[in-house]
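# Chain and residue survey
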Amino acid sequence: MARKKHNQTKYEIIRAATHMFLENGFSVTSPKMIADSLDISTGNLTYHFPTKEHLLAVVVGKLCRFQWMKYTEIVNEGNTSLLALCLELTAMAAICEENAVAKDFYLSAYSHPIPLSMIRHNDTIRAKMIFGESCPDWNDAKFTETEVIVSGTEFATLMIAGDPISLETRIAGALNSNMMLFGIPEDVRQAKIEKVLAMDYRSIGRSILAQFKEYIKQLTDEELEEIIEEMTAYADKIS
């Protein structure tokens, strides 16, 4: 019985933290605020998750997979869809431009080592599926190395949301640069950029983030435990 209660506290912390990160912002949410919302001590919270970054990594790990599932469903081209990849960054940038809380959440994910490692890992897996044919001689290390550069471009694109340069111009530049890294021909790059910018990416981004907020509430304890274990593995590598 004690073990079950121990685990339930851990899962309740994740659900409460996710809600507060997405509703109030990661930066302004303190461990004490999360603990107070559950009527537990801060020490109890940090026993399960030493820092806010560990909690953020759990949320980001699920968000990476959820977003990819949703964007591939929208474009209906399967898991190797280059258009879905373009749409994901475009919609995220649009969200950051209009929603300060979402911008804080996404930038925090790219600014902390553990969630950033999880982003790069997930993106590397996708890159091998999408760009495998255009990069037939690449090994795993080359894909991983390139995703480090891509994640930097993504961070910069999200960070400068609100810049005087139009969102469309910044998105076009980022997508073109990222696709060029993987050897995508210019005509294909331009066609994908034109197609994604013609989509209602602002509404799509809002909808998917709203869906994620509901999705995370409905995750089973087993699904939460799986992503906790993955986060712990990355935390151990970095420490």
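## A short note on the overall build of the protein chain
- Within the protein chain, the secondary structure is distributed over 12 helices and zero strands.
- Listing every helix and strand of the protein chain by position from the N terminus yields α-α-α-α-α-α-α-α-α-α-α-α.
- A principal-axis box enclosing the C-alpha atoms of the protein chain has dimensions of 60 × 40 × 30 Å.
- Put simply, the protein chain has 239 residues, and 48% of those count as buried.
- Restricting to contacts in the protein chain with at least 6 residues of sequence separation, those with at least 24 account for 74%.
- When the accessible area of the protein chain is evaluated, it comes to approximately 11,200 Å², of which 54% is carbon and sulfur surface.
- Separation of charge centres in the protein chain, based on 24 positive and 33 negative side chains, amounts to 4 Å.

## Details of the packing of helix 5 (residues 82–98) against helix 7 (residues 113–131)
- Running from N to C, helix 5 and helix 7 cross one another at 140 degrees; their axes reach a closest spacing of 10 Å. Judged by the angle between their axes, helix 5 and helix 7 are oblique. Taken together, the residues of helix 7 that come into contact with helix 5 (itself represented by Leu 82, Leu 85 and Glu 88) are Arg 126, Ile 130 and Phe 131.
- Broken down by class, the residue content of the contact of helix 5 with helix 7 amounts to four nonpolar, no polar and two charged.

## A closer look at the confidence of the model for the protein chain
- In this model, the protein chain carries an average pLDDT of 92, and 96% of its residues clear a pLDDT of 70 or more.
- The secondary-structure element of the protein chain with the lowest mean pLDDT is helix 1 (residues 2–23), recorded at 82, while helix 10 (residues 186–197) shows the highest, at 97.

## Here's the deal with the side chain of Glu 225
- Within the fold, Glu 225 resides in helix 12 (residues 221–238).
- Within polar-contact distance, the side chain of Glu 225 engages the side chain of Tyr 11 at 2.6 Å.
- Excluding its chain neighbours within four sequence positions, the residues that come into contact with Glu 225 are Lys 10 and Tyr 11.

## With respect to empty space enclosed by the protein
- Tallying each qualifying case throughout the model produces one cavity of 30 Å³ or more.
- Put simply, the largest cavity is a space of about 320 Å³.
- In terms of lining, the largest cavity is formed by 26 residues, of which the most central are Glu 88, Tyr 110, Asp 123, Arg 126 and Glu 154.

## Side note on unusual backbone geometry
- Despite not being glycine, Asp 39 has its phi angle at roughly 60 degrees, a positive value.
- Assessed through its relative accessible area of 73%, Asp 39 is described here as exposed.
- Although it is not a glycine, Asn 76 sits at a positive phi angle of roughly 55 degrees.
- Note on placement: Asn 76 falls in the loop between helix 4 (52–75) and helix 5.

## What about the pattern of salt bridges?
- Taken as a whole and judged by the stated rule, the model has 15 salt bridges.
- We note a salt bridge from Glu 230 to Arg 65, for which the minimum N-O separation is 2.5 Å. Here Glu 230 is found in helix 12, whereas its partner Arg 65 is found in helix 4, with 165 residues between them in sequence.
- A salt bridge links Glu 73 to Lys 70; the nearest nitrogen and oxygen atoms lie 3.8 Å apart. Of this pair, Glu 73 and Lys 70 both sit in helix 4, three residues apart, roughly one helical turn.
- Given the relative accessible area of 48%, Glu 73 is considered partly exposed.
- Salt bridges sharing common partners tie together Glu 97, Glu 168, Arg 170 and Arg 202.

## With respect to the side chain of Lys 70
- Look at Lys 70 and you get buried, because its relative accessible area is 18%.
- If near-sequence neighbours (up to four positions away) are discounted, Lys 70 is found in contact with Ile 208 and Gln 211.

## A closer look at a negative patch on the surface
- Together, Glu 222, Glu 223, Glu 226 and Glu 229 make up a region of like negative charge exposed at the surface.
- Checked against the element boundaries, Glu 223 lands in helix 12.

Scoring rules and cut-offs
- Residues numbered from 1 in each chain as written.
- Predicted model: local features only at pLDDT ≥ 70, side-chain atom pairs only at ≥ 80, totals over all residues.
- Heavy atoms only, no water.
- Helix = DSSP H or I, 4+ residues; strand = E, 2+ residues; numbered from the N terminus.
- Buried < 20%, exposed > 50% of the residue type's maximum accessible area, 1.4 Å probe, protein only.
- Contact = heavy atoms within 4.5 Å.
- Areas by Shrake-Rupley, 256 points an atom, 1.4 Å probe, with all protein chains shown as cover.
- Lys, Arg positive; Asp, Glu negative; His and termini not counted.
- Charge placed at Lys NZ, Arg CZ, Asp CG, Glu CD.
- Axes fitted to C-alpha atoms, helices over the stretch in contact; angles between N-to-C directions.
- Parallel < 35°, antiparallel > 145°, perpendicular 65-115°, else oblique.
- Nonpolar A, V, L, I, M, F, W, Y, C, P; charged D, E, K, R; others polar.
- pLDDT = per-residue confidence, 0-100.
- Polar contact = N/O pair within 3.5 Å; in protein donor to acceptor, adjacent residues only side chain to side chain.
- 1 Å grid on protein atoms, 1.4 Å probe; cavity = no way out; pocket = protein on both sides within 12 Å on 5 of 7 lines; lining within 4 Å.
- Points joined across faces, edges and corners; volume = space filled by probe spheres on them.
- Salt bridge = Lys/Arg side-chain N within 4 Å of Asp/Glu carboxyl O.
- Patch = residues over 30% accessible without salt bridge, like charges linked within 9 Å, V, L, I, M, F, W, Y side chains within 5 Å.

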